[in-house]
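A closer look at the structure
Each chain is listed here by its residues.
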Amino acid sequence: MIDEPRLTASLGDAGMSIAFSDPQFDAAGTLRYLQVRLHGNQLDARLTFYVYDVAEIVRYFQGLDEEWRGWPGERRFESVESELQLSARHAGRIELSARLTGEAAREISSHVGWTAQAIVGVEPGEELSRFVRDLDALTTRVTA
């Protein structure tokens, strides 16, 4: 794995935010791991999750941005190993529910592990558009 320090793509405010950072690319330049962090009042949880298809998570947020005026129901994203689950609904602003699950907690036979869940308020418009640009830049391998 080749690690490259890059920018952070974040949404939310000081009360609660979600941020993606620390992309890890394989030798072929394919993104394989990405760190996600939930941070706010009395919560600081982070995990590194496996990325099967980086375009999938970028498309998820692009879809939210493109339909910033609203949509019915919920829009969901789940990482291939279910350690990251996102659900967005539009109620004037976007309510992004994020759930991070530590590896041990996903195993049925295990009685140890952790789960963190929070709702991040996102203003549709420029905040979300900036985030989509930052996420795309973060997850794209720069070759020299």
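The present account deals with the structure reproduced in this document. (Residues numbered from 1 in each chain as written. Predicted model: local features only at pLDDT ≥ 70, side-chain atom pairs only at ≥ 80, totals over all residues. Heavy atoms only, no water.)

A few words now on the overall build of the protein chain. A tally of regular secondary structure across the protein chain gives three helices and nine strands. Along the protein chain, helices (α) and strands (β) appear in the sequence β-β-β-β-β-α-β-β-β-α-β-α when read from the amino end. Scored against the burial criterion, the 144 residues of the protein chain give a buried share of 42%. Within the protein chain, contacts between residues separated by at least 24 positions form 47% of all contacts whose residues are at least 6 apart in sequence. When the accessible surface of the protein chain is split by element, carbon and sulfur atoms take 47% of a total near 7900 Å². (Helix = DSSP H or I, 4+ residues; strand = E, 2+ residues; numbered from the N terminus. Buried < 20%, exposed > 50% of the residue type's maximum accessible area, 1.4 Å probe, protein only. Contact = heavy atoms within 4.5 Å. Areas by Shrake-Rupley, 256 points an atom, 1.4 Å probe, with all protein chains shown as cover.)

Tallying each qualifying case throughout the model produces ten salt bridges. With its nearest N and O atoms 3.1 Å apart, the salt bridge here joins Arg89 to Glu95. On the basis of relative accessibility, which here comes to 28%, the residue Glu95 falls in the partly exposed class. Ionic pairing is found between Glu123 and Arg93, a salt bridge with its closest N-O pair at 3.5 Å. Here Glu123, found in the loop between β9 (115-122) and α3 (126-139), pairs with Arg93, found in the loop between β7 (84-90) and β8 (94-101); they are 30 residues apart in sequence, far enough to count as distant. Assessed through its relative accessible area of 40%, Glu123 is described here as partly exposed. Connected through shared salt-bridge partners, Arg37, Asp44 and Arg46 make up one network. (Salt bridge = Lys/Arg side-chain N within 4 Å of Asp/Glu carboxyl O.)

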